[in-house]
Amino acid sequence: MNKFKTLQIENVPTFHSAIVEQEKPLLEDGEVFIKVEYSDVNYKDALASSEAGGVIRSYPMTPGIDLAGIVVESQDERYQSGDPVLVTGYGLGVSHPGGYSQYQKVPGDWIVPLPANLTSRQAMILGTAGFTAALCVNALIDQGMNKTDKIVVSGATGGVGSVAIALLHQLGFTSVIALTRKKQTTDWLTDLGATEVVSPEEFLPEKTKPLGTQQIDYLIDTVGGTQLAKLLPLISYNGAAALCGNAGGIKLETTVLPFILRNIQLIGIDSVNVPHADRSRVWQQLADLTITDVLRVKEISLEELPEITQQLLSGTHQGRTLVNVGGQK
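Counting restarts for each chain, with residues numbered from 1 along the sequence as it is written. Totals for whole chains, interfaces and linings use all residues, but because this is a predicted model, local features are given only for residues with pLDDT of at least 70 and pairs of side-chain atoms are given and counted only at 80 or more. To get the side-chain values, take all heavy atoms of the structure and skip hydrogens and water.

For the chain, an unreviewed UniProt entry supplies the name NADPH:quinone reductase and the organism Enterococcus durans.

As structure tokens, this is what we get:
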């Protein structure tokens, strides 16, 4: 424990990543030292691995916006040695060293006790992607979404999209449309719970009008950009869209008409700064389901991370990638 492996990104003399040895840090008041068992790979992690990603502000930095493991040492009275815990969001892996490390020091305020019916491996199969998917689904349910409504999930083969489909299916929603350009994944998405798999070319009109035919009740959008602009005019009266991603770009060119003539709501979903009580509630909700059993999961080591992050950046990655940081079997 005095020395451990960590993946570090540097920009001197050039931008690069390497696995290095670090010494155990000193703990300050309120900090907790965790033996990391598992992390995972999210789109934000892929951006952190790219020089043009715009995620990391200072170097060197250990990426990994999620981690789950066991408390080794604590200067926070809420946590004791041996406690199973997880951390997602806040500054982890962005402004604070993250989960791609065999051990990590984090503020106690960031920690969520691992639910009793969830293993650290299952927690990281879900990770920020699963947490975000649950936030999206909950927001739309709060908005009035019911089990017979027609729901579109964009970017369906990604982490958030695939978990959202599985989550909706387990909750009993009966009309879930997976929107993806990867039609070869139809069987997998259907197994997750999608009732229909369509490509943007099939589903979206060639010409975007301020108001199109009302054919969607609710939307979980992980893509943003032009595709979102094409989807908003298709949402039915009193419908809503939960927006949580920008893989398709950060600009949104639309009109006010869907909002003021059809009363639709555009709900932004942030997973980084969710209040602690809400985090615990959502993680318990995920623990009470069994969606990790049906998700497509690839397990890798720290050494294999560069290949996976490149797949995410190129748009060829599917499902969830689990990072076995602690060498668990």
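Once the structure has been displayed, the description carries forward.
## Focus: the sheet that holds strand β8 (residues 151-154)
Here the rule is simple: two strands pair whenever DSSP picks up at least two bridges between them. Elements are defined by DSSP. Helices are runs of H or I of four residues or more, strands are runs of E of two residues or more, and each kind is numbered from the N terminus. The 6 strands lie next to each other as β10-β9-β8-β11-β12-β13, forming an open sheet whose pairing is parallel. Looking at which strands have only one partner, the edges of the open sheet turn out to be β10 (196-198) and β13 (265-268). Mean inter-strand twist for the sheet, computed between neighbouring axes without regard to direction, equals 20°. Pairing geometry for β8 and strand β9 (residues 176-179), over 4 bridges, is parallel. Residue Ser154 lies in a different strand from β9, and its bridge partner there is Leu179. Between two residues, a contact is recorded if the distance between any of their heavy atoms is within 4.5 Å. The convention used is that axes are lines fitted to C-alpha atoms, helices contributing only their stretch in contact, and that angles between N-to-C directions extend from 0 to 180 degrees. Strands β8, β9 and β11 (216-221) of the sheet are contacted by helix α3 (residues 159-170), whose axis makes an angle of about 155° with β8.

## A closer look at the environment of Ser154
By the secondary structure assignment, Ser154 is in strand β8. Beyond its immediate stretch of four places on either side in the chain, Ser154 contacts Gly161, Leu179, Ile220, Asp221, Thr222, Val223 and Gln227.

## Looking at the pattern of salt bridges
Side-chain pairing between opposite charges can occur once the charged atoms of the two side chains come close. Any Lys or Arg side-chain nitrogen located within 4 Å of an Asp or Glu carboxyl oxygen qualifies as a salt bridge. Across all of its chains, the model carries 10 salt bridges by this definition. Measuring nitrogen to oxygen at the nearest pair gives 3.4 Å for the salt bridge that ties Arg181 to Glu201. Of this pair, Arg181 sits in the loop between β9 and α4 (186-192) while Glu201 is found in helix α5 (residues 200-203), placing the two residues 20 residues apart along the sequence. Exposure class is identical for Arg181 and Glu201. Each is exposed. With a shortest N-O distance of 3.7 Å, Arg281 and Asp278 are connected by a salt bridge. Taken as a pair, Arg281 and Asp278 lie in helix α8 (residues 276-287) at a separation of 3 residues, close to a single helical turn. Residue classification places Asp278 among the partly exposed residues on the basis of a relative accessible area of 30%. Salt bridges sharing common partners tie together Asp76, Arg78 and Asp109. Burial classes: relative accessible area under 20% of the type maximum marks a residue as buried, over 50% as exposed, and values in between as partly exposed (1.4 Å probe, protein chains only).

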